[in-house]
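This is what each chain is made of:
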Amino acid sequence: MDSLTVKTAKREQFVDITGEVQDFLTSNRMEDGVLTLYCSHTTGGLTINEGADPSVVRDILVNLERLIPRRGDYQHAEGNSDAHIKSSLIGPSLQVIVHKGRVMLGTWQKIFFTEFDGPRTRKIWIKWIAG
Amino acid sequence: MDSLTVKTAKREQFVDITGEVQDFLTSNRMEDGVLTLYCSHTTGGLTINEGADPSVVRDILVNLERLIPRRGDYQHAEGNSDAHIKSSLIGPSLQVIVHKGRVMLGTWQKIFFTEFDGPRTRKIWIKWIAG
Amino acid sequence: MDSLTVKTAKREQFVDITGEVQDFLTSNRMEDGVLTLYCSHTTGGLTINEGADPSVVRDILVNLERLIPRRGDYQHAEGNSDAHIKSSLIGPSLQVIVHKGRVMLGTWQKIFFTEFDGPRTRKIWIKWIAG
């Protein structure tokens, strides 16, 4: 199965994987269809948001932390319950449309792997459906 | 690429696009498969929820605003960080099942474009995969 | 259309449906593709998270309840607005990759139906796309 590898550097971080996703499509001459991206980890996720101003990602992370702090009413012993909760709020699976060999994104959109319990090495699985 | 256009009238609003989605399927004689709907904007999203009682949508918007207020610890200078955060919580991409030419929805379900930084004219991109 | 039936026992509960999803794939000899799972209800959802330690699911439910309590600023008269809000945060639709007849999940991942207004009998609709 195809995959992307992402190395994160901090506990919480958004990693822009748009370039890697486009390279995957180009290398495999995938022209028109839907690409499923899947995060195989329970303390990360996948989202799309603004990539132009890094303050946007900062604001998302800071406010998720405000809502779901690292310490709280948690029973899971690994100390990363906040990361599991954020993972389900952001979601593990993402679909993007591919048209004429390009991943279709709005003007300001980038595809992000969202790390909530790094630093770690992460795998994003990929499945192409032509259509 | 196929798309729907949605004009929103307020800063925050759910717009029921179920009829437009069904019309798209009917016009194109799409019978069985999966339809990917994609919000090409970083301050909107797509969701499915109850459409019968408008209080449900009101309660979702009011309580998202309670959790992620318009003013807060934000560094993004455009004053719409709350909208970006809500966009990632609701999600940009949605898949619906199509069976015998009908978008399959539960009794109370409607498909909504979720506007968090309107009023604007928005594009929802569409990709059909037969199956 | 294919579906799974889930009976929930409590108002809020995560039900592990991984076994049922794998059985569906095996029974139908589905080898490689993407499976769309769809929750046909407006007070439930679908997510993937850790299934090994039940404390993770407990921590997710307790903290969603902290953020979106059962009683609050709600106008919907049925008393389940919290469930509708959680449904849109978790999401109604989920895609998983299938490879060599197996639903591809990370080491700790399980597929959950998320009940927010049970106990009820719920339908999860399924659509297979080979690819």
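Residues numbered from 1 in each chain as written. Chains lettered and ligands numbered in written order. Predicted model: local features only at pLDDT ≥ 70, side-chain atom pairs only at ≥ 80, totals over all residues. Heavy atoms only, no water.

Engineer: When you look at the overall build of chain A in this model, what are you seeing that I'm missing?
Structural biologist: Helix and strand content of chain A: 3 helices and 8 strands. Start at the N end of chain A and walk to the C end: the helices and strands fall as β-β-α-β-β-α-α-β-β-β-β. In terms of overall dimensions, chain A is globule-like: its C-alpha atoms have a radius of gyration of 15 Å, near the 14 Å expected for 131 residues. Structurally, chain A occupies a C-alpha span of about 50 × 30 × 25 Å along its principal axes. Expressed as a percentage of the 131 residues in chain A, the buried residues total 65%. The long-range share in chain A, meaning contacts at least 24 apart out of those at least 6 apart in sequence, stands at 82%. When the accessible area of chain A is evaluated, it comes to approximately 5000 Å², of which 48% is carbon and sulfur surface. Looking at chain A, you have 16 positive and 16 negative side-chain charges, and the mean spots of the two groups are 3 Å apart. (Helix = DSSP H or I, 4+ residues; strand = E, 2+ residues; numbered from the N terminus. Rg over C-alpha atoms; globule rule 2.2 N^0.38 Å. Buried < 20%, exposed > 50% of the residue type's maximum accessible area, 1.4 Å probe, protein only. Contact = heavy atoms within 4.5 Å. Areas by Shrake-Rupley, 256 points an atom, 1.4 Å probe, with all protein chains shown as cover. Lys, Arg positive; Asp, Glu negative; His and termini not counted. Charge placed at Lys NZ, Arg CZ, Asp CG, Glu CD.)

Engineer: Looking at this structure, I do not really get the relation of the copies chain C and chain A. What am I missing?
Structural biologist: Note: a rotation about an axis with an accompanying shift along it relates these two copies of the chain. Rotating chain C by 120 degrees about the axis while translating it 0.0 Å along that axis superimposes it on chain A, leaving an RMSD of 0.0 Å. Interpreted geometrically, this transformation is the action of a three-fold axis. Every residue of chain C has its C-alpha some distance from the rotation axis, and the shortest such distance is that of C:Leu89, at 3.4 Å. Little of the interface of chain C is mirrored in chain A: 12% of its interface residues are interface residues there too. (Least-squares fit on C-alpha atoms with pLDDT ≥ 70 in both.)

Engineer: Please clarify how the layout of surface pockets should be interpreted in this entry.
Structural biologist: Vacant regions in the atomic arrangement are exposed by a probe of water-molecule size rolled over the atoms. The computed volume of the largest pocket comes to approximately 260 Å³. Around the largest pocket, the lining comprises 14 residues; the ones closest to its centre are B:Thr107, B:Trp108, C:His41, C:Thr42 and C:Arg120. Across the lining of the largest pocket, the residue classes tally to 2 nonpolar, 8 polar and 4 charged. (1 Å grid on protein atoms, 1.4 Å probe; cavity = no way out; pocket = protein on both sides within 12 Å on 5 of 7 lines; lining within 4 Å. Points joined across faces, edges and corners; volume = space filled by probe spheres on them. Nonpolar A, V, L, I, M, F, W, Y, C, P; charged D, E, K, R; others polar.)

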